[in-house]
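# Notes for the structure review
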Amino acid sequence: MTKLLPVTAYTIRRLLRQYQGQLKSVVVEGACLVADPEADLNAVLESLYLDEEEVRTQVAEIEKLMMTHQLLLKAGAKEQAAAIEDQILWIFGLKRIKNQASQEAAPAMPIMMAVGI
């Protein structure tokens, strides 16, 4: 079975810690292992993607995304790096909820202010 490189697993654990409390599983509860900073990330992938070929495909995609992420960080492209982080988290069945809530709240403010005028 294809496994994540140790440096990749370390970086993903760091992301999971960084966004702790801001992540929501998009998978049915109990259907698979949930990725968290202490989890065996390879086991999480194997529980999410039951087909060995699909696990291999996802590991390759994560490794490619991680290299792109590192290059973007070095170039100072933080917004693009954050988008890559979201893609990596999605592969693990997670999405960030903080950004979505702030995006939903932002359009509501002008509408509420317009109603009050």
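Structure: see above.
Quick notes on the rules
Residues numbered from 1 in each chain as written. Predicted model: local features only at pLDDT ≥ 70, side-chain atom pairs only at ≥ 80, totals over all residues. Heavy atoms only, no water. Phe/Tyr/Trp six-rings, centres within 6.5 Å; stacked < 30°, edge-to-face > 60°. Lys NZ or Arg CZ within 6 Å of the ring centre and 35° of its normal. Buried < 20%, exposed > 50% of the residue type's maximum accessible area, 1.4 Å probe, protein only. Helix = DSSP H or I, 4+ residues; strand = E, 2+ residues; numbered from the N terminus. Contact = heavy atoms within 4.5 Å. Polar contact = N/O pair within 3.5 Å; in protein donor to acceptor, adjacent residues only side chain to side chain. Expected span 1.5 Å × (residues − 1).

With that settled, consider the packing of aromatic side chains. Inspection of every chain in the model, using the stated rule, returns zero aromatic pairs. The ring of Tyr19 is capped by Arg96, whose NZ or CZ atom sits 4.2 Å from the centre of that ring.

On to helix H2 (residues 41-48), then. Regarding H2, the residues found buried are Leu41, Asn42, Val44, Leu45 and Ser47. Buried residues belonging to H2 abut helix H1 (6-18), helix H3 (52-74) and helix H4 (78-91). The N-cap of H2, judged by a side-chain oxygen 3.0 Å from the amide nitrogen of Asn42 a few residues on, is Asp40.

The next subject is the side chain of Ser47. Mapped onto the elements of the fold, Ser47 is located in helix H2. A relative accessible area of 18% places Ser47 in the buried class. Within the structure, the side chain of Ser47 is placed 2.8 Å from the backbone oxygen of Val44, a separation counted as a polar contact. Residues within four places of Ser47 in sequence aside, it is in contact with Ala31, Cys32 and Leu33.

Attention now goes to H3. Here H3 spans 33 Å end to end across 23 residues, near enough to the 33 Å set by a 1.5 Å rise per residue. Looking at H3, one finds that the buried residues are Val55, Gln58, Val59, Ile62, Glu63, Leu65, Met66, His69 and Leu72. Structurally, H3 contributes buried residues whose contacts are with H1, H2 and H4.

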